[in-house]
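# Geometric and topological summary
Here is how the chains run, residue by residue.
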Amino acid sequence: MRLIGYLENGVRHIGALDGDKVAPLGTAAAFYSDTAVALAAEPAGPSLNLADLEQAPAVPETARVFILGINYLSHAEESKRLGDLDLPKHPFVIGRFGSTLVADGTEIPVPLNEGLDWECELAAVIGEKIWAATEDNAQQHVLGYTGFNDVTARAKQLETPSMTLGKNPDKSAPIGPVIVTADELPDPTGLRVQTRVNGVTKQDGNTRDLLFSVGQIIEYITDTITLLPGDVIATGTPTGVGAGRKPPESLHPGDVVEVEVENIGILRNTIVDRSKSHK
């Protein structure tokens, strides 16, 4: 099943996408209260036209976002040059605010005084509450997989040891365009992940090169934090970020950035001047 999020009277809903039609599955809050029941239930109403919907992230507003730093060997070499960061011995987990999540097609405003950088990623969405997972059973608790663009205010990220500001610009985390449920995509290994800016390929990696697998990441997180339905784990980015290019590059108003994850789809977002972006 391919899941999308959309707004109905200002409330976030989840639907099952089939071509250009969407079968409503209820509010995001209700859907994530019991994903197994929600996926097995009959549609909550007649099919909707995708083109008529205002899309939203297909996770609850309460979702927590865990992003992985330096989780591809190629990006580790890049990170060493940029920020003198060593290859991690454990998953390098960074927190993102759920409020930064946006849907496919949403405009991304540039912060004051700097450009933005791109990071294509595969993300896992948690389907049920999980504590003390093991690497072997962790993926049983994954609802599905989606694309993620960890758009970063790189100057802010590198100015201090804390990455909080650099990793949380407003409206900077496109997710989607769909969640492909784990029954259709049971193994996230070997998926091609790419970034294109204005049609030019900037990143081209494969999830087989992850240093820490989805199972290992979930195991590491859940010996400390209970993961909840709808939580997002973005698994890191391969080499080719803008700051690591020669000369360095960044995203500016008018640029169109695409992140594509094999078997999931393409996230496409336009960068805009903050003064022209809706609040």
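Here is a short report on the structure shown in this document. Keep in mind that this is a model prediction, so the values were computed, not measured. (Residues numbered from 1 in each chain as written. Predicted model: local features only at pLDDT ≥ 70, side-chain atom pairs only at ≥ 80, totals over all residues. Heavy atoms only, no water.)

Here we take up the overall build of the chain. Counting its regular elements, the chain contains five helices and 17 strands. Here the C-alpha atoms of the chain give a radius of gyration of 18 Å, agreeing with the 19 Å that 2.2 N^0.38 yields for 279 residues. Projecting the C-alpha coordinates of the chain onto the three principal axes gives extents of approximately 55 × 45 × 30 Å. Counting every position in the chain, which comprises 279 residues, the buried fraction comes to 52%. Sequence-distant contacts, at least 24 apart, represent 74% of the contacts inside the chain between residues at least 6 apart. (Helix = DSSP H or I, 4+ residues; strand = E, 2+ residues; numbered from the N terminus. Rg over C-alpha atoms; globule rule 2.2 N^0.38 Å. Buried < 20%, exposed > 50% of the residue type's maximum accessible area, 1.4 Å probe, protein only. Contact = heavy atoms within 4.5 Å.)

Within the open sheet, the five strands sit side by side as β9-β17-β16-β13-β14. Their pairing is mixed. At either margin of the open sheet sits one strand with a lone partner, and together these are β9 (108-109) and β14 (200-206). Across six bridges, the pairing between strand β16 (residues 256-261) and strand β17 (residues 265-272) is antiparallel. By the bridge assignment, E258 is partnered in β17 with R268. (Pairing = 2+ DSSP bridges.)

The next subject is a negative patch on the surface. A cluster of like negative charges, contributed by E135, D136, E219 and D223, occupies part of the molecular surface. E219 gets classed as partly exposed once you look at its relative accessible area, which sits at 32%. (Patch = residues over 30% accessible without salt bridge, like charges linked within 9 Å, V, L, I, M, F, W, Y side chains within 5 Å. Areas by Shrake-Rupley, 256 points an atom, 1.4 Å probe, with all protein chains shown as cover. Salt bridge = Lys/Arg side-chain N within 4 Å of Asp/Glu carboxyl O. Lys, Arg positive; Asp, Glu negative; His and termini not counted. Charge placed at Lys NZ, Arg CZ, Asp CG, Glu CD.)

What follows deals with the pairing of strand β1 (residues 2-8). In the case of a regular strand, side chains alternate between the two sheet surfaces. Pairing of β1 with strand β12 (residues 173-181) involves two bridges; the strand directions are antiparallel. Residue pairing in the sheet places L3 in a bridge with I179 of β12. Pairing geometry for β1 and strand β2 (residues 11-18), over six bridges, is antiparallel. Paired with E8 across the two strands is V11, which belongs to β2. Connecting the antiparallel pair β1 and β2 is a turn made up of two residues, with N9 showing a positive phi of about 55°. Here β1 runs beside strand β5 (residues 54-56); their pairing, made up of three bridges, is antiparallel. Residue pairing across strands places G5 opposite A56, the latter belonging to β5.

In the structure shown here, the tally under the stated rule is one aromatic pair. Ring plane angle 75° and centroid distance 5.0 Å describe the contact between F31 and Y32, whose orientation is recorded as edge-to-face. For the pair formed by F31 and Y32, the shared burial category is buried. (Phe/Tyr/Trp six-rings, centres within 6.5 Å; stacked < 30°, edge-to-face > 60°.)

Another aspect to go through is the environment of A23. Note that A23 resides in strand β3 (residues 21-27). Along the sequence, A23 and L3 sit 20 residues apart, while their C-alpha atoms lie 9.4 Å from each other. Once residues within four sequence positions are removed from consideration, A23 is found in contact with I14, G15, A16 and P43.

A separate point is the nonpolar core. The biggest cluster of nonpolar side chains holds 33 residues, and the ones touching the most others in it are Y145, I218, L227, I233, V261 and I264. Counting only elements with at least two residues in this core, the list comes to β1, β6 (65-69), β10 (120-126), β11 (142-149), β12, α5 (214-221) and β16. In contact with I264, not counting residues within four places along its chain, are R2, L122, Y145, T146, G147, G176, P177, V178, V180 and L185. Core analysis: the next-biggest nonpolar cluster, separate from the first, contains 26 residues, I14, F31, A173 and A234 among them. (Core = buried A, V, L, I, M, F, W, Y, C linked by side-chain atoms within 4.5 Å.)

What follows is about the side chain of R196. Here R196 shows up in strand β13 (residues 192-197). Within the structure, the side chain of R196 is placed 2.9 Å from the side chain of E260, a separation counted as a polar contact. Excluding its chain neighbours within four sequence positions, the residues that come into contact with R196 are T201, K202, V256, V257, E258, E260 and I266. (Polar contact = N/O pair within 3.5 Å; in protein donor to acceptor, adjacent residues only side chain to side chain.)

What follows deals with the side chain of Q194. By secondary structure assignment, the location of Q194 is in strand β13. Note on Q194: relative accessible area 10%, which makes it buried. Excluding residues that lie within four positions of it along the chain, Q194 makes contacts with C120, Q203, D204, E258, V259 and E260.

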